[in-house]
Amino acid sequence: MDNKIYVTQPTLPNLDEFSELLKDIWERKWLTNNGVYHQEFERKLAEYLGVPFISLFSNGTLALVSALQVLNIKGEVITTPYSFVATTHALWWNNIKPVFVDIEPEFCNLDPAKIEAAITPKTTAILPVHVYGNPCNMNAIQDIADRYGLKVIYDAAHAFGVKENGKSILNFGDLSVLSFHATKVFNTIEGGAIVCHDENTKKRIDYLKNFGFENETTVIAPGINAKMNELQAAYGLLQLKTVEDDILKRKEISEIYRNGLKEIKGIRFIDEPDNLYYNYAYFPIFIDEKEYGMSRDALYEKLKDNNIFGRRYFYPLISQFPTYKGLDSANPENLLVAHKVANEVICLPIYPDMTNDNLILIIKFIIKHNSRTT
Ligand SMILES: *Cc1c(COP(=O)(O)O)cnc(C)c1O
């Protein structure tokens, strides 16, 4: 059987169209360092996302590392353990101490009510994540940041295109960081970006991703090499043409899941908030073992045995990895909600080209294993 269903499958641009752009690149022989397609992609991406300034990166992790450098963040930073490990690694690479704060159970985002208690004189910033693309409580977070003079950098790796009340959520905080990795809603194979509010900050970001070069002879800081190349930019330009359709297809799949699974006892989903243009990046379900009649891990393994490869995003918590486990804030008693959620979650397969047959197969499988179907 080769019908393996993975949690995601990337959308690729039309190969003939991509070949046309490659021919151009072969003729120009300008492969990286802000080429023609790179400039065009930045412009069109900013327009599509509804943001004033954006800088392209080779990946989301280096964009996160650089975002902290751009704002000269030091000391301690408040962040969430319920994320992909790169969120905290970006702090580690900047020699910053992560301070983990618990999440709220509804959207699995950093709980603003618990942030203040974690602030110390060394705290300089907050690094929240819009988990699954659902917006954090950005007003509450900004309010705390303003009162304590902290910067806010959003890890918006899941939040491509998400709008709240018609406004891009990427415009909140001081900076937002995107990932265009192959597994994300919008991919440039590998890739990422930083969104900022003003031209001077964009300049600084662009210097820092190119070794710190301001011009031929001036190096303003120890920057890194995190530039996106011309081939990825061309690929990204084509992806922009189809991303809206892709999101629409994800929405349809998400609705079929919701309808198919809603009667099952012991399975919870995240409610879609009002006034949101959502991207349907993930379809997480949360298993209540007693109600469902089987543990999350048992269901996860059973799905796998049947070629359905969901993922436990996010388990284990970042605070459980050896590098971070010893921190005071990594104590599980400090992170009760995050631990509970991490033990309940499975992200089910969702991607634009998923077939209806596979979707029905997954839903039936989950229904079949529930001992308490009403
Ligand atoms: C994917 C992801 C990243 C890392 O992005 P890369 O482009 O893979 O380096 C960072 N944070 C979160 C929350 C992610 O999901």
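Here is what the cut-offs are and how they apply
- Residues numbered from 1 in each chain as written.
- Predicted model: local features only at pLDDT ≥ 70, side-chain atom pairs only at ≥ 80, totals over all residues.
- Heavy atoms only, no water.
- Helix = DSSP H or I, 4+ residues; strand = E, 2+ residues; numbered from the N terminus.
- Contact = heavy atoms within 4.5 Å.
- Near = heavy atom within 4 Å.
- Polar contact = N/O pair within 3.5 Å; in protein donor to acceptor, adjacent residues only side chain to side chain.
- Areas by Shrake-Rupley, 256 points an atom, 1.4 Å probe, with all protein chains shown as cover.
- Nonpolar A, V, L, I, M, F, W, Y, C, P; charged D, E, K, R; others polar.
- Domains from an automatic or database assignment.
- Buried area = accessible area lost by both parts, 1.4 Å probe.
- Salt bridge = Lys/Arg side-chain N within 4 Å of Asp/Glu carboxyl O.

Structurally, the position occupied by isoleucine 119 is in the loop between strand 4 (97–100) and strand 5 (123–127). Taking the C-alpha atoms as reference points, isoleucine 119 and isoleucine 144, 25 residues apart in sequence, are found 9.9 Å from one another. Here isoleucine 119 is in contact with Ile78, Ile144, Tyr148 and Leu150, once residues within four sequence places are set aside.

Glancing now at the site of the ligand. Contacts to the ligand come from 15 residues, most closely from Gly60, Thr61, Asp155, Ser179 and Lys184. At a separation of 2.8 Å, an oxygen atom of the ligand approaches a polar backbone atom of glycine 60. At 2.7 Å from a nitrogen atom of the ligand is found a side-chain nitrogen or oxygen belonging to aspartate 155. Surface burial for the ligand is 93%, taken as the share of its 390 Å² of free accessible area covered by protein chains. At the level of elements, helix 3 (60–70) and helix 4 (86–93) are the ones that each hand at least two residues to the shell around the ligand. Classifying every residue of the shell around the ligand gives 4 nonpolar, 9 polar and 2 charged.

Here the focus is the domain arrangement of the protein. Parsing the protein into structural domains produces domain 1 (15–239) and domain 2 (243–368). Placing a centre on the C-alpha atoms of domain 1 and another on those of domain 2 gives a separation of 25 Å. Carbon and sulfur atoms supply 65% of the area that domain 1 and domain 2 bury against each other, a total of about 3,300 Å² over both sides. The three residues of domain 1 that bury the most area against domain 2 are Phe100, Tyr132 and Val185, which together make up 22% of that side's buried surface. Taken together, the connections running from domain 1 to domain 2 amount to 0 salt bridges. Within the residue set of the side of domain 1 that touches domain 2, elements represented by two or more residues are helix 4, strand 4 and strand 7 (163–164). Of the residues assigned to the side of domain 1 that touches domain 2, the class counts are 22 nonpolar, 11 polar and 8 charged.

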